[in-house]
Amino acid sequence: RPSRLRLRLRCRDVMWLAILFLGLAFFAAHALYFSARLKRALTLVFPRTQPWLRPLRAAYLVVGLSVPVFFLGYTVYALVARPETIGPPDSRIYDYLVEIPFWLVAITSIQTSLIIIPIDLVHLALARFGIAAGQRWAWRRNALVLGVAAGFAVYVPVRMAIDGTRLDVRVHDYSSAELPAALDGFEIALIADMQADQYTGPERLSQLVDAANQARPDLVLIAGDMITRPPRYIEIAAEQAARLKAPHGVLARSE
């Protein structure tokens, strides 16, 4: 039995390492593509920015790959040293210098790519038939690419700031002929991403709990992520979760 358990753990470690390497490869490939695409667009639309493009691209790659590289390092260290806890530092300095810039850059660039890739593909298809060909169309296409990137560069931080301060409550009705009549009108409150940390304290969590209790659900389900990182926030999350009330109980997902 012990030998099987060790083999299982090793296989699981290899699996997680493979997933992390694939994730890092994805972020690296996308960062290289996006930075090259944006550099090409800026060179064509704003030629005077060319001397600044190389350092700007290098800065983007550093920020865009920071968290995946750090996370891979944490994981490798955890597999080798087997510490009790491992993860990014619980520091606002780290968040403001690494985490927040990474997510701003990553979300902005990925959402922009989802728009500019179809634009480039459509332009390529039209150019093969002699439509939308020439320098003027190339300038328009790259100007559109920069416009999309600028739009997301404004939209993403604004959206993140709004989502970080508001409580999002959604109501969904589900009906099925296979459900027993006893469940007619049965209400379930699903709570996800409580994320207790240095930014989400008792006051903010209390708003979430109060909103759930005011809905008077028959059952409460906590989907996960009760804390963000450090275990020292477990007590805060547990104290607030203990205030949840439902006739059929409160169930939390654990791993």
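Structure first, text after, so check above.
Below is a short write-up of the structure. (Residues numbered from 1 in each chain as written. Predicted model: local features only at pLDDT ≥ 70, side-chain atom pairs only at ≥ 80, totals over all residues. Heavy atoms only, no water.)

**Some remarks on the pairing of strand 1 (residues 188–192)**
Now for step 1: Only one face of strand 1 is covered, namely the one carrying Ala189 and Ile191; the face carrying Ile188, Leu190 and Ala192 has none of its residues buried.
Now for step 2: Running through helix 5 (residues 202–214), the crossover from strand 1 to the neighbouring parallel element strand 2 (residues 219–224) is right-handed. (Buried < 20%, exposed > 50% of the residue type's maximum accessible area, 1.4 Å probe, protein only. Helix = DSSP H or I, 4+ residues; strand = E, 2+ residues; numbered from the N terminus. Right-handed = clockwise from strand over helix to strand, strands pointing away.)

**A short note on the side chain of Asn142**
Now for step 1: For Asn142, the location among the structural elements is in helix 4 (residues 135–163).
Now for step 2: We classify Asn142 as buried; its relative accessible area is 4%.
Now for step 3: Excluding its chain neighbours within four sequence positions, the residues that come into contact with Asn142 are Arg37, Arg40, Ala41, Leu44 and Val45. (Contact = heavy atoms within 4.5 Å.)

**Brief notes about unusual backbone geometry**
Now for step 1: The backbone of Gln195 shows a phi angle near 50°, a positive value even though the residue is not glycine.
Now for step 2: Positionally, Gln195 belongs in the loop between strand 1 and helix 5.
Now for step 3: Phi at Arg216 is positive, roughly 50°, even though this residue is not glycine.

**Considerations on the pattern of salt bridges**
Now for step 1: Taken as a whole and assessed by the stated rule, the structure comprises six salt bridges.
Now for step 2: Two residues, Arg141 and Asp120, come together in a salt bridge whose shortest N-O distance is 2.9 Å. Here the residue Arg141 occupies a position in helix 4, and Asp120 occupies one in helix 3 (residues 92–128), the gap between them amounting to 21 residues.
Now for step 3: The exposure class of Arg141 is buried, given its relative accessible area of 18%.
Now for step 4: In this structure, the salt-bridge partner of Asp210 is Arg243, at a minimum N-O distance of 2.5 Å. With Asp210 in helix 5 and Arg243 in the loop between helix 6 (234–241) and strand 3 (250–252), this pair connects stretches of sequence that are 33 residues apart.
Now for step 5: Under the relative-accessibility criterion, Asp210 is labelled partly exposed at 29%.
Now for step 6: Bridged by salt links that share partners, the residues Arg37, Asp120 and Arg141 form one connected network. (Salt bridge = Lys/Arg side-chain N within 4 Å of Asp/Glu carboxyl O.)

**Here's the deal with the nonpolar core**
Now for step 1: Within the largest apolar cluster, 15 residues are counted, with the highest numbers of intra-cluster contacts made by Ile191, Met194, Ala196, Val220, Ile222 and Leu244.
Now for step 2: For this core, the elements supplying multiple residues, two or more each, are strand 1, helix 5, strand 2 and helix 6.
Now for step 3: Element by element, the count of residues in this core is highest for helix 5, at four residues.
Now for step 4: Core analysis: the second largest hydrophobic core is formed by twelve residues, Ala31, Leu65, Leu146 and Val156 among them. (Core = buried A, V, L, I, M, F, W, Y, C linked by side-chain atoms within 4.5 Å.)

**Digging into the sheet that holds strand 1**
Now for step 1: Strands sit in the order 1-2-3 across an open sheet of three strands; the sheet is parallel. Each edge of the open sheet carries a strand with a single partner, namely strand 1 and strand 3. Here the average twist between neighbouring strands, direction ignored, is 15°.
Now for step 2: In the sheet, strand 1 pairs with strand 2 via five bridges, with the strands oriented parallel. Bridge pairing in strand 2 places Ala189 opposite Val220. (Pairing = 2+ DSSP bridges. Axes fitted to C-alpha atoms, helices over the stretch in contact; angles between N-to-C directions.)

**Considerations on the side chain of Thr200**
Now for step 1: Tracing the chain through its elements places Thr200 in the loop between strand 1 and helix 5.
Now for step 2: Assessed through its relative accessible area of 12%, Thr200 is described here as buried.
Now for step 3: Only 3.4 Å separates the side chain of Thr200 from the backbone oxygen of Gln195, close enough to count as a polar contact.
Now for step 4: If we skip the residues at most four places from it in the chain, Thr200 touches Met194, Gln195 and Leu205. (Polar contact = N/O pair within 3.5 Å; in protein donor to acceptor, adjacent residues only side chain to side chain.)

**Points about the environment of Val154**
Now for step 1: For Val154, the position within the fold is in helix 4.
Now for step 2: The exposure class assigned to Val154 is exposed, which follows from its relative accessible area of 53%.
Now for step 3: Separated by 46 residues in sequence, Val154 and Thr108 place their C-alpha atoms 8.9 Å apart.

**Let's talk about the environment of His123**
Now for step 1: Relative to the helices and strands, His123 resides in helix 3.
Now for step 2: The exposure class assigned to His123 is buried, which follows from its relative accessible area of 13%.
Now for step 3: Residues His123 and Val154, spaced 31 residues apart in sequence, show a C-alpha to C-alpha distance of 26 Å.
Now for step 4: When near neighbours in sequence (up to four residues on either side) are disregarded, His123 contacts Ala132, Trp137, Ala138 and Arg141.

**Digging into the packing of aromatic side chains**
The description of two aromatic rings rests on the distance between their centres and on the angle between their planes.
Now for step 1: Tallying each qualifying case throughout the model produces five aromatic pairs.
Now for step 2: Each ring, one from Phe34 and one from Tyr60, has its centre 5.7 Å from the other, and the planes form 45°; the classification is tilted. With Phe34 in helix 1 (residues 2–45) and Tyr60 in helix 2 (residues 50–81), this pair connects stretches of sequence that are 26 residues apart. The exposure classification of Phe34 matches that of Tyr60, with both residues buried.
Now for step 3: Summarising the aromatic geometry, the rings of Phe152 and Tyr155 are spaced 6.4 Å apart at their centres and angled 75° between planes, so their arrangement reads as edge-to-face. Linking Phe152 with Tyr155, this pair stays in helix 4, spanning three residues, or about one helical turn.
Now for step 4: Through a chain of ring-to-ring contacts, the aromatic side chains of Phe26, Phe27, Phe102 and Trp103 assemble into a single cluster.
Now for step 5: Stacked on the ring of Trp137, the Lys or Arg Arg140 has its end atom at 5.0 Å from the ring centre. (Phe/Tyr/Trp six-rings, centres within 6.5 Å; stacked < 30°, edge-to-face > 60°. Lys NZ or Arg CZ within 6 Å of the ring centre and 35° of its normal.)

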